Amino acid sequence: MEHLLTKISCSTTEEKEKALKELQNVCTQCKACELYKTRTSTVFSDGSASARIMLIGEAPGADEDATGTPFVGRAGQLLNTFLEEAGIDRKKDLYICNTIKCRPPQNRVPTNEEKAACQAYLMGQISIVNPKIILLCGSTAANSFIDQDFKISQIRGKWLNIFENIEVMAIFHPSYLLRNHSLEQGSPRWLMKKDLENIKNKLDEIKSNI
Ligand code: URA
């Protein structure tokens, strides 16, 4: 099923940065679900407003809640290693955010209510950044956009038709890879490497068409 996006016309990086800052200011004050009571910070984004790839994770963990930046803990560091190996620049090529912006206690999976309360921020980020590629990092992010039941291992690595004019791919979450160390052919880490190579090729193709 295709999701409809509100078109927000920000053509320059400055316009995107301004619109994102305004959205972030609203988000910082948000009390739409109970998570505001336990957060240290709202974790809005990292990377570039004009990035061609948007990576959507699950939710902030302890390190992200403490720093206000997504994917800076152990999972984030492993993600950085995979990105570097694939030649994807986290600061320039990516805009990184999560399905929800506040840390759930004990890092539990976000509830549907929490995701619904945060959805306007995520959809706003997609509309403003207007990426060419969206990476749904892990089951929670993928679940937010795919209605049918699925296993992440079955859908990862395929280009999905979810938004008009945006290439979408689900990939493994680095937390899962922290528990799976094998690099053997067909292992989760091996598949992640292949997926990111594929994504880098798509990025190069997009850049060469501009
Ligand atoms: N896991 C996520 O999904 N997001 C983060 O920001 C950190 C860990």
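Worth saying up front: this structure is predicted, and the values here are computed from it rather than measured. Per chain, residue numbering runs from 1 following the sequence as it is written. For this predicted model, a pLDDT threshold of at least 70 governs which residues receive local features, and a threshold of 80 or more governs which side-chain atom pairs are given and counted, while totals over whole chains, interfaces and linings are taken from all residues. By convention in this description, side-chain values take in all heavy atoms of the structure and omit both hydrogens and water.

Caption draft 1: Molecular detail of helix α8 (residues 188-208). Strands here are runs of E lasting at least two residues and helices are runs of H or I lasting at least four, both read from the DSSP assignment and numbered beginning at the N terminus. By this rule, a helix spans an expected 1.5 Å times one less than how many residues it contains. Under the 1.5 Å per step criterion, the end-to-end length of α8 is 30 Å for 21 residues, consistent within 8% with the ideal 30 Å. Only protein chains enter the area calculation, which uses a 1.4 Å probe; residues under 20% of their type maximum are buried, those over 50% are exposed, and those in between are partly exposed. Among the residues of α8, Pro188, Arg189, Leu191, Met192, Asp195, Leu196, Ile199, Lys200, Lys202, Leu203 and Ile206 are the ones counted as buried. Note on contacts: a residue pair is in contact if any heavy atoms of the two residues lie within 4.5 Å. Packing partners of the buried residues in α8 comprise β2 (53-57), α3 (74-86), β4 (133-137), β5 (159-163), β6 (166-171) and α7 (174-178).

Caption draft 2: Representation of the packing of α3 against α8 in the model. Axis angles are defined between N-to-C directions and span 0 to 180 degrees, where every axis is a line fitted to C-alpha atoms and, for a helix, only to the segment in contact. Direction vectors running N to C along α3 and α8 enclose 50°, while the axes themselves pass 9 Å from each other. On the basis of the axis angle, α3 is oblique to α8. Read as a crossing pair, α3 and α8 show a hand that is right-handed. Residues Leu78, Leu79, Phe82, Leu83, Glu85 and Ala86 of α3 form the contact with α8, whose participating residues are Arg189, Met192, Lys193, Leu196, Glu197 and Lys200. In terms of residue class, the contact of α3 with α8 is built from 7 nonpolar, no polar and 5 charged. By the definition adopted for this analysis, an angle is roughly parallel if under 35 degrees, roughly antiparallel if over 145, roughly perpendicular if from 65 to 115, and oblique otherwise. Here a crossing is taken to be left-handed if its near helix is turned anticlockwise relative to the far helix by less than a right angle, and right-handed if that turn runs clockwise. Each residue is assigned to one of three groups, with Ala, Val, Leu, Ile, Met, Phe, Trp, Tyr, Cys and Pro labelled nonpolar, Asp, Glu, Lys and Arg labelled charged, and all others, Gly among them, labelled polar.

Honestly, that's just the spatial picture; any functional story needs more than this.
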